[in-house]
Structures are given as structure tokens and as C-alpha cells.
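# Secondary and tertiary structure notes
For reference, the chains in residue letters:
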Amino acid sequence: MPHNNNAAMNPITEDDIADYLANTPDFFERHAQLLAQVQLTSPHGNRAVSLQERQAEMLREKIKALEHRVMDMVRHGTENVVTADRLQRWTRGLLTARDPRGLPLQMASELQALFMVPQIAIKVWDCDAAYGNEPYAQWVSDDVKAFATSLTAPYCGLNAGLEATAWLDDARAAVSIALIPLRAEPEAPAFGLLVLASPDAQRFNPDMGTDFLERIAEFASAALSRLRP
């Protein structure tokens, strides 16, 4: 029998077999007994299982992973609904407030209670002269004003000793913070800054979404426009 040099030089590889099976879908129809005869190691022990049983196990694992993903989606969806409801209640409070003078303090206290934020501080500058003596309109440095204006989105991260954290009742307990600039228009200079603080290092982290914080900034800015000349 002549020696097949091509076969010796180019042995069949696993990829060749896989390609053949992928392009010959009726192979296992003609050799159905192979499905029961092929034995694999189960991932749940050292026992041998058939190819069919192994495929069933893989499908069960995929279904289980999908179930976990669905549950995560449901949980996040529920959390978002709760947060949206709290945001709506907070916004309703802003709309029904009659006294502009007390609005910043009301805004901060209700935000603290509804969203369970341990510490909140707020400062507003360039107010009408009628509100110039209010605590929230005083003691704001030019550096803080410039920093607030430089923020194009809420800042979230660890407290690095930024000047604005000195407005908090207990700056040492502020491990993570969110700094929310307040402005009349998207490109306008900031006229205020809202500081949220927590002793939890992960409460306000750099990777968190800021959609709700941005909504808070929009509503707070609109409400506080009543303080401006």
C-alpha cells in the first residue's frame, strides 16, 4: 500500500474535526449512538457523564446565570423606582416652598432625610442683597467658586480635604463626598455648590452613575434662582 505522505505531513487536527462536524449537521443523526457513548467528566465531581448529560448541565448553568442577571435587573429597576420616587417627593417640596429665604436649608434637610445622606452642606453666592446675610450666602472663597464653575458634572470620590468640606458639621467623618455645582444654564458659571458626604468610602465613588445627582443639580438650580437678583 503506498504511503500517504500528505496525511503524514498534515495530520488531522481538532480544528479540522470541529470544522467537519460544524459543516456536517446530520453526522450525529447517522451516528446517534455516539451521543450516549461519549463520556465526559462532570464539572460537579469526578464522575463520567454522557455528552447529552454534559450539554444538559451546561444549559442549566447558562439558565442559572441568566436567572441571576434577570434578578439583578429587577433589583436595580426596583432601586431606581424608589430613588425616582424620592426625587419626585423632594422636587415637590421645592415647588411648594413659599419662603425663598429658607429654601437652601429646606432643600438640604429634605435631601438628607429622603436619601439618607449623613451630611449635607450648601452655599449660594451672587444672591440678591436681601439674602446676603444668610449663612448659606457667606464665607465662600474665590477658589471654591472657581472650582465649582470648573465642574462640568458632579464630582464623586474620596474626601481629599477640599475646602468645601469645611462647610460640613463634621468634616472628619466625610470619607466620600459628592460635590454638585449649581448653575442657571449648562455653560454658565456656578452660583452655588451642594456638598453630600458619607463615612462610607463607597457611597460616593468615582465609578458611580451621576444621572440622579445631575437631576438634583437641575432642580436645585432652578429653585434657587429665586434667590438671585
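Residues numbered from 1 in each chain as written. Predicted model: local features only at pLDDT ≥ 70, side-chain atom pairs only at ≥ 80, totals over all residues. Heavy atoms only, no water.

Scanning the protein for helices and strands turns up eight helices and six strands. The secondary structure elements of the protein, listed N-terminal to C-terminal, are α-α-α-α-β-β-α-α-β-α-β-β-β-α. The buried share of the protein, reckoned over its 229 residues, is 33%. Within the protein, contacts between residues at least 6 apart in sequence are counted, and of these 56% link residues at least 24 apart. Put simply, the protein shows about 14800 Å² of open surface, and 55% of that area lies on carbon and sulfur atoms. (Helix = DSSP H or I, 4+ residues; strand = E, 2+ residues; numbered from the N terminus. Buried < 20%, exposed > 50% of the residue type's maximum accessible area, 1.4 Å probe, protein only. Contact = heavy atoms within 4.5 Å. Areas by Shrake-Rupley, 256 points an atom, 1.4 Å probe, with all protein chains shown as cover.)

Let us now look at the sheet that holds strand E3 (residues 119–124). Taken in spatial order, the four strands line up as E3-E6-E5-E4 in an open sheet, and their pairing is antiparallel. Sheet topology places E3 and strand E4 (155–158) at the edges, where each strand pairs with a single neighbour. For this sheet the average axis-to-axis angle between neighbouring strands, irrespective of direction, equals 15°. Pairing of E3 with strand E6 (residues 190–198) involves six bridges; the strand directions are antiparallel. (Pairing = 2+ DSSP bridges. Axes fitted to C-alpha atoms, helices over the stretch in contact; angles between N-to-C directions.)

Although it is not a glycine, methionine 116 sits at a positive phi angle of roughly 55°. Relative to the assigned elements, methionine 116 resides in the loop between helix H6 (103–114) and E3. What makes methionine 116 exposed here is its relative accessible area of 52%. Even without being a glycine, tryptophan 139 presents a positive backbone phi close to 60°. In this fold, tryptophan 139 is placed in the loop between E3 and helix H7 (142–150). For tryptophan 139, a relative accessible area of 65% gives the class exposed.

Turning to the nonpolar core, a few remarks are in order. Trp90, Met107, Leu196 and Leu224 are the most contacted members of the largest nonpolar core, which totals 32 residues. Beyond its immediate sequence surroundings of up to four residues, leucine 196 is in contact with Leu111, Val117, Gln119, Ile120, Ser176, Ile177, Ala178, Ile180, Phe204 and Leu213. Trp125, Trp167, Leu193 and Ala197 belong to the second largest nonpolar core, which has 16 residues in total. (Core = buried A, V, L, I, M, F, W, Y, C linked by side-chain atoms within 4.5 Å.)

Where like charges cluster on the molecular surface, the negative patch consists of Glu14, Asp15, Asp16 and Asp19. Residue class for glutamate 14 comes out exposed when judged on its relative accessible area of 69%. (Patch = residues over 30% accessible without salt bridge, like charges linked within 9 Å, V, L, I, M, F, W, Y side chains within 5 Å. Salt bridge = Lys/Arg side-chain N within 4 Å of Asp/Glu carboxyl O. Lys, Arg positive; Asp, Glu negative; His and termini not counted. Charge placed at Lys NZ, Arg CZ, Asp CG, Glu CD.)

On to the environment of glutamine 202. Position of glutamine 202 relative to the elements: it lies in the loop between E6 and helix H8 (211–224). When its relative accessible area of 54% is taken as the criterion, glutamine 202 is described as exposed. Sequence separation between glutamine 202 and serine 176 is 26 residues; the distance between their C-alpha atoms is 6.9 Å.

A separate point is the pattern of salt bridges. Evaluation of the coordinates by the stated rule reveals four salt bridges. For the salt bridge of arginine 172 with aspartate 170, the shortest nitrogen-to-oxygen distance reads 4.0 Å. Judged by its relative accessible area of 34%, aspartate 170 falls in the partly exposed class. Note that arginine 215 and glutamate 218 form a salt bridge whose closest N and O atoms lie 3.6 Å from each other. Of this pair, arginine 215 and glutamate 218 both sit in helix H8, three residues apart, roughly one helical turn. The class of arginine 215 is partly exposed, set by a relative accessible area of 36%.

So, on to the pairing of E3. Burial analysis of E3 places six of its six residues in the buried class, which makes it a mostly covered element. In E3, alternate side chains face the same way, and those of Gln119, Ala121 and Lys123 on one face and Ile120, Ile122 and Val124 on the other are all buried.

Turning our attention to the environment of threonine 96. Along the chain, threonine 96 turns up in helix H5 (residues 51–96). Looking at threonine 96, its side chain comes within polar contact range of the main-chain oxygen of glycine 93, at 3.3 Å. (Polar contact = N/O pair within 3.5 Å; in protein donor to acceptor, adjacent residues only side chain to side chain.)

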